[in-house]
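Below, each chain spelled out in residue letters.
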Amino acid sequence: FTSPSNTKPFQCSFTASGLVDENGQNPYIGPAGLAGYYLSAFRLPSAPMMAFIAKRSNDVYEFVGENATLQLAPNEQISFYQNDAAGSHFDNSGQFDVTYTCSEISQPTWTTNPANGHQYAAVDCGTWTQCEAQAVALGAHLVSVNDAEENAWLVSTFTPTKNYWIGLTDKD
C-alpha cells in the first residue's frame, strides 16, 4: 500500500474482515501477548483476534488486528501480512477483505522557540508509536528536550496540565 499523496501526510483507517486461521478458528494469541508460536519477537496488544499486521519500510511492525488507523508520510509504502497458517506470519495464504479510507493530516500550528530556532507543535495522536508515526508523517520527530531552558519554554508555551509524548523511549 502506498500513501495517496507524495507531498502531504495522510491518516488511513484499515478494516479487515474474514480473519481466521487455517482450521477455521480465531487466530491464536499466546502467553505474554505473543501471537501463537510464529511471532515470538512481535508483542501484540490484548485483542480478541490477531491476523492483520502492517510492516513499514523501516522494518517496524504494527498490529492492525481487525482495524486500526495508521499515519503515513508522503509517498510512504507499507506492506501487510497475516498470521493465519502454521509456520510463518509471512504466509499470506488465507483470505480476507480489507477496506480503507484515507484523509489528509491537517498541518498543526508550529511555534518557534526563539532561544534555539527549533519549531514545535502539539498534536493529539494516541500511543507513543502512533505519535512518532504522525510526527514523521509531518516531517518531524517527537521532541528531544536538551536542557532545562528548553523544558521551561515547552511548559510555558504548551498546556502544562496535559501529558505529551517525547522522543525518549525504552521500547528497544
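Residues numbered from 1 in each chain as written. Predicted model: local features only at pLDDT ≥ 70, side-chain atom pairs only at ≥ 80, totals over all residues. Heavy atoms only, no water.

Some remarks on the overall build of the chain
Looking only at helices and strands, the chain features two helices and ten strands. Taken from N to C terminus, the helices and strands of the chain fall in the order β-β-β-β-β-β-β-β-β-β-α-α. Within the chain, the proportion of its 172 residues that are buried is 36%. Here the chain has roughly 10,200 Å² of accessible surface; of this, 48% comes from carbon and sulfur atoms. (Helix = DSSP H or I, 4+ residues; strand = E, 2+ residues; numbered from the N terminus. Buried < 20%, exposed > 50% of the residue type's maximum accessible area, 1.4 Å probe, protein only. Areas by Shrake-Rupley, 256 points an atom, 1.4 Å probe, with all protein chains shown as cover.)

Overview of the sheet that holds strand S8 (residues 97-104)
Here three strands make up an open sheet; going across it, the order is S6-S1-S8 and the pairing antiparallel. Lying at the two open borders of the sheet, with one neighbouring strand each, are strand S6 (67-72) and S8. Taken over all neighbouring pairs, the strand axes of this sheet differ in orientation by 20° on average, direction set aside. Two elements, strand S1 (residues 10-17) and S6, share six bridges in a ladder whose sense is antiparallel. Within the sheet, the bridge partner assigned to Ser13 lies in S6 and is Thr69. (Pairing = 2+ DSSP bridges. Axes fitted to C-alpha atoms, helices over the stretch in contact; angles between N-to-C directions.)

Thoughts on the state of the cysteines
Taken as a whole and assessed by the stated rule, the structure comprises two disulfides. The disulfide bridge from Cys12 ends at Cys102, spanning 2.1 Å between sulfur atoms. Residues Cys12 and Cys102 are joined through a disulfide that is right-handed, its torsion about the S-S bond being 110°. Placement of Cys12 in strand S1 and of Cys102 in strand S8 is noted, with a sequence separation of 90 residues between them. What pairs with Cys125 in a disulfide is Cys131, and their sulfur atoms sit 2.0 Å apart. Judged by the torsion about the S-S bond (110°), the Cys125/Cys131 disulfide is right-handed. (Disulfide = S-S within 2.5 Å.)

Overview of helix H2 (residues 148-157)
When H2 is considered as a whole, its buried residues turn out to be Glu150, Trp153 and Leu154. An end-on view of H2 places all buried positions within 100° of arc, on one side of the element. For H2, the exposed residues lying more than 90 degrees away from the buried face are Ala148, Glu149 and Ser156. For H2, the elements touching its buried residues are strand S9 (111-112) and strand S10 (119-120). Between the side-chain oxygen of the N-cap and the backbone nitrogen of Glu149 there are 3.2 Å, and the N-cap of H2 in question is Asp147. (Arc of directions from axis to C-beta. Contact = heavy atoms within 4.5 Å. Polar contact = N/O pair within 3.5 Å; in protein donor to acceptor, adjacent residues only side chain to side chain.)

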